Amino acid sequence: MPFIIERNDITRMNVDAIVNAANNSLLGGGGVDGAIHRAAGKGLLEECRKLNGCETGEAKATGGYALPAKYVIHTVGPVWRGGGYGEEELLRSCYANSLRIADGLKCESVAFPLISAGVYGYPKREAVRVASECIEEFLLKHDMTVYLVIFDKASFTISKELMGEVEAFIDENYVSAHEDSERTYMNRMEAALRPIKSKKHALAADSVLCGASCEAVCEESLDDMLKNLDESFSENLLRRIDLSGMTDAECYKRANIDRKLFSKIRSDKNYRPSKPTVLAFAIALRLDMDGASDLLRRAGFAFSRSSKADVIVEYFITHGVYDIYRINETLFAFDQNILGS
Ligand code: APR
């Protein structure tokens, strides 16, 4: 899973590099800066003294000392002054320069705090958006695992509108195990899927299909599905990727799956994936509920009425939103496991 959002104390992260939200002096301070210096020990400050500070938006690396991480990449975020003083551009360059340095150090994993979202006052929702966009853009061209580490849940919000819509959908569809029988739920799912049962309707409604024409994929997939009912998950996935017109890399990156895991799936036709992995590919392939249920079935899973995560994924699929990072931010906001390997 190349991009992971998780709640943690960044000083505990066992990654190649952690990023410090420092100030221009690089001589320590409060917040995450103070925590990192305390955990690293005095050797870090001695090395920082030799760096002669750091410009806002720039980044400089030091050793990790007593930290689990091998390196600390110090970057200085902008102080929020209302948004009209180039703050977003400076914040973007913090992420871009830190990732460039991590790549130069051959790091396979790096963890970011939410830069500028504390003392420097950057609005948290905007700070999450900028961080996510910069990390996602970097991961399109690089193989690295990047963590966005959220220290206190209050720092992490999704838009109020989306939160409200998803909460309403959960209230409507999520039922705890003792409140609803399996049959009742399946009836509800059947009723929900009936209008999109016919592949033609579902695919024609899904305007973007990665290059392949809706009709071609529609005819092909109906015939194919009948012909390949007993296909394994891996065989079915690879065939769907071919039909979608995406390359393997485009698909697994859209699924927030790392290259190593995809190679395992590709080379073992009986590979047994986790449910979040299957759902991640269903999103990357822009499958409707019918297609996603079929892919889950081939891996031995099914959408479950008593899984809040499944209901949240169903919300995005039925609303035609296939951005795995937005879905993961929402899953994270609801304390659910995120999608990917
Ligand atoms: N692990 C992960 N995240 C943390 C930790 C931690 N141990 N401690 C704090 N954070 C989070 C905060 O909750 C916030 O969301 O890091 C984010 C950034 O907050 P700050 O540390 O205040 O950094 P910033 O807003 O960039 O301000 C930088 O604060 O600490 C001083 O010397 C620093 O002057 C500089 C300024």
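As a starting point, this report considers the structure included with it. (Residues numbered from 1 in each chain as written. Predicted model: local features only at pLDDT ≥ 70, side-chain atom pairs only at ≥ 80, totals over all residues. Heavy atoms only, no water.)

Some remarks on the pattern of salt bridges
1) Next: Per the counting criterion, the structure on display carries 19 salt bridges.
2) Next: Asp 323 is paired through a salt bridge with Arg 326; the nearest N and O atoms lie 2.9 Å apart. (Salt bridge = Lys/Arg side-chain N within 4 Å of Asp/Glu carboxyl O.)

Quick word on the sheet that holds strand 3 (residues 59-63)
1) Next: If you trace the six strands from one edge of the open sheet to the other, you get 1-6-5-2-4-3, paired in mixed fashion. Whereas interior strands pair on both sides, the edge strands pair on one side only; in this sheet they are strand 1 (3-7) and strand 3. Each strand of the sheet is rotated relative to its neighbour by a mean of 25°, with strand direction disregarded.
2) Next: As paired strands, strand 1 and strand 6 (residues 145-150) are joined by five bridges and run parallel to one another. By the bridge assignment for strand 6, Ile 5 is matched with Leu 148. (Pairing = 2+ DSSP bridges. Helix = DSSP H or I, 4+ residues; strand = E, 2+ residues; numbered from the N terminus. Axes fitted to C-alpha atoms, helices over the stretch in contact; angles between N-to-C directions.)

With respect to the side chain of Asn 97
1) Next: Its location among the elements puts Asn 97 in helix 3 (residues 87-104).
2) Next: Judged by its relative accessible area of 13%, Asn 97 falls in the buried class.
3) Next: A polar side-chain atom of Asn 97 sits 2.8 Å from the main-chain carbonyl oxygen of Gly 57.
4) Next: For Asn 97, the residues in contact, after removing those within four places along its chain, are Gly 57, Glu 58 and Ala 59. (Buried < 20%, exposed > 50% of the residue type's maximum accessible area, 1.4 Å probe, protein only. Polar contact = N/O pair within 3.5 Å; in protein donor to acceptor, adjacent residues only side chain to side chain. Contact = heavy atoms within 4.5 Å.)

Some thoughts on the pairing of strand 2 (residues 17-22)
1) Next: Within strand 2, five of the six residues are buried, which leaves the element mostly enclosed by the surrounding structure.
2) Next: In this sheet, strand 4 (residues 71-76) lies alongside strand 2 in parallel orientation, the contact comprising six bridges. Paired with Ile 18 across the bridge in strand 4 is Val 72.
3) Next: Here strand 2 runs beside strand 5 (residues 109-112); their pairing, made up of two bridges, is parallel.

Quick look at the site of the ligand
1) Next: Within the structure, the ligand sits among 21 residues, and Gly 30, Val 32, Asp 33, Gly 118 and Val 119 are positioned closest to it.
2) Next: Val 119 places a main-chain nitrogen or oxygen 2.8 Å from an oxygen atom of the ligand.
3) Next: Look at the ligand: alone it shows 690 Å² of surface, and the protein chains cover 92% of it.
4) Next: Taking a 2 Å distance to the grid points as the criterion, the majority of the atoms of the ligand fall inside the largest pocket.
5) Next: Elements with a minimum of two residues in the shell around the ligand: strand 2 and helix 1 (31-40).
6) Next: Counting residues per element, the shell around the ligand draws most heavily on helix 1, at four residues.
7) Next: Classifying every residue of the shell around the ligand gives 10 nonpolar, eight polar and three charged. (Near = heavy atom within 4 Å. Areas by Shrake-Rupley, 256 points an atom, 1.4 Å probe, with all protein chains shown as cover. 1 Å grid on protein atoms, 1.4 Å probe; cavity = no way out; pocket = protein on both sides within 12 Å on 5 of 7 lines; lining within 4 Å. Sits in = over half its atoms within 2 Å of the grid points. Nonpolar A, V, L, I, M, F, W, Y, C, P; charged D, E, K, R; others polar.)

Digging into the packing of helix 5 (residues 160-173) against helix 14 (residues 308-318)
1) Next: For the pair helix 5 and helix 14, the least separation of the axes is 10 Å and the interaxial angle reads 115°. In the packing of helix 5 onto helix 14, the handedness of the crossing is right-handed. When helix 5 is examined against helix 14, the residues Leu 162, Glu 165, Val 166, Phe 169, Ile 170 and Asn 173 are found in contact with a partner set consisting of Lys 308, Val 311, Ile 312, Glu 314, Tyr 315, Phe 316 and Thr 318.
2) Next: Its residues assigned to classes, the contact of helix 5 with helix 14 comprises eight nonpolar, two polar and three charged. (Left-handed = near helix turned anticlockwise from the far one by under 90°.)

Section: the state of the cysteines
1) Next: In total, this model carries zero disulfides according to the counting rule given.
2) Next: Between Cys 54, a free cysteine, and Cys 94, which holds the nearest cysteine sulfur, the sulfur-to-sulfur gap is 7.9 Å. (Disulfide = S-S within 2.5 Å.)

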